[in-house]
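Residue strings, one per chain:
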Amino acid sequence: VTGPEPQVTPRPLPTLAKDTAGVGFQIALDGIVDYETATKAINDALRGKTVTQAKQTVMVKSVAVGPVSGGRLALSVMFTGDANGALRFIGTPQLDAGHDHILVSDLDYDLQTNNDLINAFSRLRSDQFRELFREKATVPIGPALLQGRTLLLNGLNRTIGNVMTITATVDSVAALGLRVTRAGITVRAGAYGTASISVKQNP
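**What about helix α3 (residues 127-136)?**
Within the span of α3, buried status applies to F129, R130, L132 and F133. End-on view of α3: buried residues confined to an arc of 155 degrees, all on one side of the axis. Residues of α3 that are buried in the fold lie against α1 (35-46), β2 (50-53), β3 (56-68), β4 (72-81), β5 (85-91) and β8 (108-109).

**Quick look at the nonpolar core**
Grouped together as the largest cluster of nonpolar side chains are 44 residues, with contacts concentrated most on V33, L75, F89, F129 and F133. Excluding anything up to four places from it in sequence, V33 contacts A38, I102, V139, I141, A144, G184, I185 and V187.

**Notes on the packing of aromatic side chains**
As enumerated under the stated definition, the model contains four aromatic pairs in all. Ring geometry for F89 versus F129: centroids 6.3 Å apart, planes at 45 degrees, classification tilted. On the criterion of sequence distance, the pair formed by F89 in strand β5 and F129 in helix α3 is long-range, its members being 40 residues apart. Note on F89: relative accessible area 0%, which makes it buried. Between F129 and F133, the aromatic rings sit 5.5 Å apart at their centres with planes inclined by 70 degrees, giving edge-to-face as the arrangement. Here the residue F129 and the residue F133 both occupy positions in helix α3, the gap between them amounting to four residues, near one helical turn.

**What about the sheet that holds strand β10 (residues 158-160)?**
On the basis of which strands lie adjacent, the open sheet formed by four strands has the order β1-β12-β11-β10 and antiparallel pairing. Of all strands in the sheet, those bounded by a partner on one side alone are β1 (25-34) and β10. Recorded for the sheet is a direction-independent mean angle of 35 degrees between the axes of neighbouring strands. Direction of pairing for β1 relative to strand β12 (residues 184-199): antiparallel, over a ladder of 10 bridges. The residue of β12 that forms the bridge with F25 is G193. Packing of α1 onto the sheet brings it into contact with β1, β11 (164-180) and β12, and relative to β1 it is tilted by some 70 degrees. Each of β1, β10, β11 and β12 is contacted by helix α4 (residues 142-156), which is oriented at about 155 degrees to β11, the strand it contacts most.

**Some words on the environment of A189**
Mapped onto the fold, A189 is located in strand β12. The exposure class assigned to A189 is buried, which follows from its relative accessible area of 1%. In this structure, A189 is in contact with I27, A28, L29, L145, V173, A174, A175 and L176, ignoring residues within four places of it in sequence.

**A word on the sheet that holds β8**
The antiparallel open sheet is built from five strands, whose spatial order is β2-β3-β4-β5-β8. Bordering the open sheet on either side are β2 and β8, each of which pairs with just one other strand. Note: β3 against β4, 10 bridges, orientation antiparallel. Its bridge partner being in β4, S62 is matched across the sheet by M78.

Reading the values: rules and limits
- Residues numbered from 1 in each chain as written.
- Predicted model: local features only at pLDDT ≥ 70, side-chain atom pairs only at ≥ 80, totals over all residues.
- Heavy atoms only, no water.
- Buried < 20%, exposed > 50% of the residue type's maximum accessible area, 1.4 Å probe, protein only.
- Helix = DSSP H or I, 4+ residues; strand = E, 2+ residues; numbered from the N terminus.
- Arc of directions from axis to C-beta.
- Contact = heavy atoms within 4.5 Å.
- Core = buried A, V, L, I, M, F, W, Y, C linked by side-chain atoms within 4.5 Å.
- Phe/Tyr/Trp six-rings, centres within 6.5 Å; stacked < 30°, edge-to-face > 60°.
- Pairing = 2+ DSSP bridges.
- Axes fitted to C-alpha atoms, helices over the stretch in contact; angles between N-to-C directions.

Now the structure itself:
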């Protein structure tokens, strides 16, 4: 757009006065649980656990967590004992009832895993081994929600220029849902609280 600069006549601001107050705010937050953090949490819960079946015992050596298609997670498990090798579980993450953890209650063996050792020791494809992972493979989301709460408070409590001050408190943060991304497990949460704005008149 070209042409002469428009001439704008400024209008005075309305008289400063009080307005109606709201009852609070609700702000959506996204916190990310990266796969390194998820891997550590599941390793802490499962490393060293053993399962015995048909007089054969295997022990969980390590677990690695990563994304797969369809919004699912893969748990790659290294095991040792009467059999040594690797297998993979796949499942869809979800929030637990209290919304404190991520769990994968539908974990099941990856049928596409090409592992001759697992095929030979088919007894490792047992309900007992699968249930161990379904029960123990959980990831806490508290640290991610705490980080989101801290960032929100830092963003809301501020002074703009030398006349306006925003003051806010966050009463609670509740997890609402999650999705699997390349970067990690993104947890959507709702932050609830109150805020106020004060404006100081120039003398």
